[in-house]
Amino acid sequence: GNHAFGKINTLTSVNIPKNLIEADQAFAGSRNLTHLRNNVEGIRIPDGMLEETGIATFIVPEGVTEIGKYALRNNKTTDKDSVFGDPSSEPVKWAGLTNVILPSTLTKIDSRTFESTSIKFIDVPNGVSEIGDGAFRFNTELETVKLPKELKKLGGYLFEGNEKMTLLVLPDKVESIDVNAFVNM
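All values derive from a computational prediction rather than experimental measurement.

### So, the environment of T107
Looking at the secondary structure, you find T107 in the loop between β6 (99-101) and β7 (108-109). Residues in contact with T107, not counting those within four places in the same chain, are T65, G127, V128, S129 and E130.

Right, here's the structure in full:
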């Protein structure tokens with residue numbers, strides 16, 4: 001359930017079982033979680049499952065068709081001492097999410113899925129037809145995004161605040177770009 005293993009400072013490694021169906025925000029706030037054995041064979045990565053963790057690389061298994069909202073949000077590298085969550089905790093530095101590999105089976109990236117990470121490059125598979133609002137916002141290290149050829153709509157605030165983005169090729173089939181998709185770049 002929600003926050004089942006959330007904000008556990010001693011949690012460093014998780015083996016996710018292949019039949020996991022419900023785990024919304026299960027590990028959210030467990031900043032020392034850096035090792036993940038992802039055996040998920042389901043069709044969806046739950047909402048906020050790995051939000052505010054220490055995961056640096058996330059490989060989404062083949063067969064997964066959807067990544068839920070906030071799934072990997074707030075996994076940003078910090079270059080200075082920061083305090084997350086509990087104000088009484090000691091300041092520490094975090095590596096942040098820098099690499100993500102998406103499967104060819106993926107069809108949907110929900111809202112704010114990769115918001116505030118340290119990803120530099122992302123290759124969105126051609127099967128993705130829906131990318132939610134703000135899915136890649138506030139990724140200050142993001143330089144290049146390869147969007148799928150069949151994508152027809154860009155959500156609002158999709159790339160907001162991505163100041164280092166140097167290459168974005170819009171697919172020929174894009175018909176609609178929502179409000180502020182490229183604001184503050």
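From this point, the discussion proceeds with the structure in view.
### Quick look at the sheet that holds β7
Strand order across the open sheet formed by four strands is β3-β5-β7-β9, with parallel pairing between neighbours. Of all the strands in the sheet, just β3 (44-45) and β9 (130-131) have a single pairing partner and so form its edges. Bridging between β3 and strand β5 (residues 66-67) involves two bridges; their strand directions are parallel. Residue pairing for β5: R44 is matched across the bridge by E66.

### Quick look at the side chain of T53
In this structure, T53 sits in the loop between β3 and β4 (57-59). Look at T53 and you get buried, because its relative accessible area is 1%.

### Remarks on the pattern of salt bridges
Counted by the stated rule, this structure contains twelve salt bridges. Measuring nitrogen to oxygen at the nearest pair gives 3.8 Å for the salt bridge that ties K108 to E130. A residue pair is termed long-range when its members are at least 10 positions apart, and K108 in strand β7 and E130 in strand β9 qualify at 22 residues. For E115, the salt bridge identified is with R112, shortest N-O distance 2.5 Å. A single salt-bridge network, built from bridges that share partners, covers R44, D47, E66, K108, D110 and E130.

### Structural notes on unusual backbone geometry
Look at S116: it is not a glycine, yet its phi comes out positive at around 60 degrees. Its place among the elements puts S116 in the loop between β7 and β8 (121-123). The buried category is assigned to S116, whose relative accessible area is 12%.

### As for a nonpolar patch on the surface
On the surface, L170, I177, F182 and M185 cluster together into a nonpolar patch covering about 320 Å² of accessible area. Among the secondary structure elements, M185 is positioned in the segment after β13 (176-177).

### What about the nonpolar core?
Judged by nonpolar contacts, the single largest core of 38 residues is most densely connected at F27, F58, L102, F114, I122, I131 and F136. Once you skip the residues sitting within four places of it in the chain, L102 turns out to touch V60, I67, I109, F114, I122, D123, V124 and P125.

The rules we used
Residues numbered from 1 in each chain as written. Predicted model: local features only at pLDDT ≥ 70, side-chain atom pairs only at ≥ 80, totals over all residues. Heavy atoms only, no water. Helix = DSSP H or I, 4+ residues; strand = E, 2+ residues; numbered from the N terminus. Contact = heavy atoms within 4.5 Å. Pairing = 2+ DSSP bridges. Buried < 20%, exposed > 50% of the residue type's maximum accessible area, 1.4 Å probe, protein only. Salt bridge = Lys/Arg side-chain N within 4 Å of Asp/Glu carboxyl O. Patch = residues over 30% accessible without salt bridge, like charges linked within 9 Å, V, L, I, M, F, W, Y side chains within 5 Å. Areas by Shrake-Rupley, 256 points an atom, 1.4 Å probe, with all protein chains shown as cover. Core = buried A, V, L, I, M, F, W, Y, C linked by side-chain atoms within 4.5 Å.

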